Structure formats: structure tokens, C-alpha cells
Amino acid sequence: MTIFTAISNITQSAVAMKRVLDYVTQDYKTMFYDEVNDCSYKLVSGQNCVPESAYSEFMTTKHRYNKAKGVFFKQYVQSFKSDC
């Protein structure tokens, strides 16, 4: 069974967003080793952005549209059974 959880982040700032991005993309959380093909994959991707430059892209967009205040991000966790 898949579990989906919304995490309430009280601190909304550019620094908080950068810290969350760094935290959720840590290698030990996102690396998958495929034993069949003997290779590793980083399970981080983006839609309309590149994960490695997501922070700077987000901030550029926020500044361009004068939205560098208020809500900076929403955080969600999606978990799967370990035997899937």
C-alpha cells in the first residue's frame, strides 16, 4: 500500500527551501542499486526543471514575477512497501 503524506513546513523562506531540497536529495535516501543490471540510479527527477539547478531556477522564477515572499514550497512524502 502506498502512503502519501503532506508535511507542514512552518518556516517559508529561500533558505528553508534550499535546506529541504538538500535534505530530500541526499544520496543515501535516493540511490537505488539494480542488482540485475549491476548499476545504480539516483531516484531524483524534475518536471520542467533540472534537479541539480532546481533551487536557482525556482528563485529566478520567483524574482521574475515578484513572488519572493510568502509560500516558497510544499513538501510531500510518498512511501511504498519495501517488498514492491
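Residues numbered from 1 in each chain as written. Predicted model: local features only at pLDDT ≥ 70, side-chain atom pairs only at ≥ 80, totals over all residues. Heavy atoms only, no water.

Draft legend 1. Main features of the overall build of the protein chain. When its secondary structure is counted, the protein chain shows 3 helices and 4 strands. Going from the N terminus to the C terminus, the protein chain shows its helices and strands as β-α-α-β-β-α-β. Taken over C-alpha atoms, the radius of gyration comes to 15 Å for the protein chain, far larger than the 12 Å a tight globule of 84 residues would show. For the protein chain, the C-alpha atoms occupy an extent of roughly 50 × 25 × 20 Å along the three principal directions. With 84 residues in all, the protein chain has 15% of them scored as buried. Put simply, 58% of the contacts in the protein chain that link residues at least 6 apart link residues at least 24 apart. Looking at the protein chain as shown, the accessible area adds up to about 7100 Å², and 55% of this sits on carbon and sulfur atoms. Between the averaged position of the 10 positive side-chain charges in the protein chain and that of its 8 negative side-chain charges there is a distance of 20 Å. (Helix = DSSP H or I, 4+ residues; strand = E, 2+ residues; numbered from the N terminus. Rg over C-alpha atoms; globule rule 2.2 N^0.38 Å. Buried < 20%, exposed > 50% of the residue type's maximum accessible area, 1.4 Å probe, protein only. Contact = heavy atoms within 4.5 Å. Areas by Shrake-Rupley, 256 points an atom, 1.4 Å probe, with all protein chains shown as cover. Lys, Arg positive; Asp, Glu negative; His and termini not counted. Charge placed at Lys NZ, Arg CZ, Asp CG, Glu CD.)

Draft legend 2. Broad picture of the environment of Lys18. Residue position: Lys18 is located in helix α1 (residues 14-24). According to the relative accessible area criterion, Lys18 is partly exposed, its value standing at 34%. Distance in space between the C-alpha atoms of Lys18 and Ala6 is 18 Å, their sequence separation being 12 residues.

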